[in-house]
Amino acid sequence: MELAKNRLSALIDMNDPEAVMAEVRSLVSILFPSFDFTGLNTAFDDIKRLYRGSYPGYRPCNTEYHNLQHTTDCFLAMARLIHGAMIQEEKFSLENVSLGLMASLFHDTGYIQTNDDSEGTGAKYTLVHVQRSIDFMTSFFKARSYPNRYIHDGTDMLKCTGLNVNIHEIDFTSSETKMLGQMLGTADLLGQMADRTYLEKLLFLFHEFREGAVPIYSSEIEFLCKTELFFKMTHERFDGDLGGVRRYMIPHFKSRWNIDADLYATAIQRNQEYLKRILEKPENGHRQYLRRGNVVLKLKKRGL
């Protein structure tokens, strides 16, 4: 029972966006008892509508890796980092916390196609999705008459999710917005890599990359092999450009759940170890060891 308690999936039902939002509200209310959730609720509701296909002008999300659950995984990881930082006496304004959380909701909207875009899937925007996400966020803020600084600072935060971006070259307006940007870049990676079906979903990601013309991988097994290098690269990025802000997960879990550990790090380590075991098996037999989430079945139904 204690082992189950120390798993991320045992704390919050990550398949339920409303459960995620309830936890985010709880964390924010601890930090700001008088927080006005109107703007955040609107952004959250619009994101659900966008991914599900009921947002005016847009098709439903058709990327299985960069989907609504990845967005809510990032959203919750962002809230946890902010909570952990603030109970360690880092200072963030109420407005910047709201902006940072909204930015996490918008960070992958660039994968969603408009109604008049019927060719392929949103994966074709892989290499330009960050700018498209910025454009969607900008439209959201302008339509609701948010101050221009929300667009400027939100743009800087979203740029931090680009893996090839040198964060120290971004002209942040303050050290506070820089740290929130680093938190968003960290939450984006933690949310996906700690997912209990991360390794299975990598098969989806491989096919998204193929459609998006990411010119690195020739097969699923090569992609899985290079994921070992990705683990190493992300750990370096966590502690380099992203400023080591993942350290705030430990005080979060200690305070919120009385667990003196970073459960994201634990989950990522499990995934890393299991990937190594898969790669020790006979080549091209990887799919039989990736059984969660019916990912392989979905790929087979598509003839992939």
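Fair warning: this is a prediction, and the values are worked out from it, not measured in the lab.

S.K.: Looking at this structure, how should I read the packing of helix α10 (residues 198-211) against helix α11 (residues 220-239)?
M.R.: Each pair of packed helices gets described by two things: the angle between the helix axes and the distance between those axes. Packing of α10 against α11 brings their axes to within 10 Å, and their N-to-C directions diverge by 110 degrees. Between α10 and α11, the crossing angle belongs to the class labelled roughly perpendicular. Between α10 and α11 lies a crossing of right-handed hand. Of the residues in α11, those touching α10 at Tyr198, Leu202, Leu203, Leu205, Phe206, His207 and Phe209 are Glu220, Phe223, Leu224, Thr227, Phe230 and Phe231. Here the residues of the contact of α10 with α11 sort into ten nonpolar, two polar and one charged.

S.K.: Any chance you could explain the pattern of salt bridges here in plain terms?
M.R.: Considering all chains together, one arrives at 14 salt bridges under this definition. With a shortest N-O distance of 3.4 Å, Arg237 and Asp241 are connected by a salt bridge. Pair check on accessibility: Arg237 and Asp241 agree, each one buried. Residues joined by salt bridges that share partners form a network here, namely Glu18, Asp45 and Lys48.

S.K.: What am I meant to see in the packing of helix α5 (residues 68-86) against helix α6 (residues 94-106) here?
M.R.: Between α5 and α6, the least distance of the axes is 8 Å, while the angle of their chain directions is 155 degrees. What the angle tells us is that α5 and α6 run roughly antiparallel. Considering the relative orientation of α5 and α6, their crossing is right-handed. Contacts between α5 and α6 involve Thr71, Cys74, Phe75, Met78, Ala79, Ile82 and Met86 on the former and, on the latter, Val97, Gly100, Leu101, Ser104 and Leu105. Across the contact of α5 with α6, the residue classes tally to nine nonpolar, three polar and no charged.

S.K.: I'm lost on the environment of Leu205 in this one. Help?
M.R.: Along the polypeptide, Leu205 turns up in helix α10. Overall, the relative accessible area of 8% leaves Leu205 in the buried class. Between the C-alpha atom of Leu205 and that of Ala123, which follows or precedes it by 82 residues, the distance is 8.9 Å.

Scoring rules and cut-offs
Residues numbered from 1 in each chain as written. Predicted model: local features only at pLDDT ≥ 70, side-chain atom pairs only at ≥ 80, totals over all residues. Heavy atoms only, no water. Axes fitted to C-alpha atoms, helices over the stretch in contact; angles between N-to-C directions. Helix = DSSP H or I, 4+ residues; strand = E, 2+ residues; numbered from the N terminus. Parallel < 35°, antiparallel > 145°, perpendicular 65-115°, else oblique. Left-handed = near helix turned anticlockwise from the far one by under 90°. Contact = heavy atoms within 4.5 Å. Nonpolar A, V, L, I, M, F, W, Y, C, P; charged D, E, K, R; others polar. Salt bridge = Lys/Arg side-chain N within 4 Å of Asp/Glu carboxyl O. Buried < 20%, exposed > 50% of the residue type's maximum accessible area, 1.4 Å probe, protein only.

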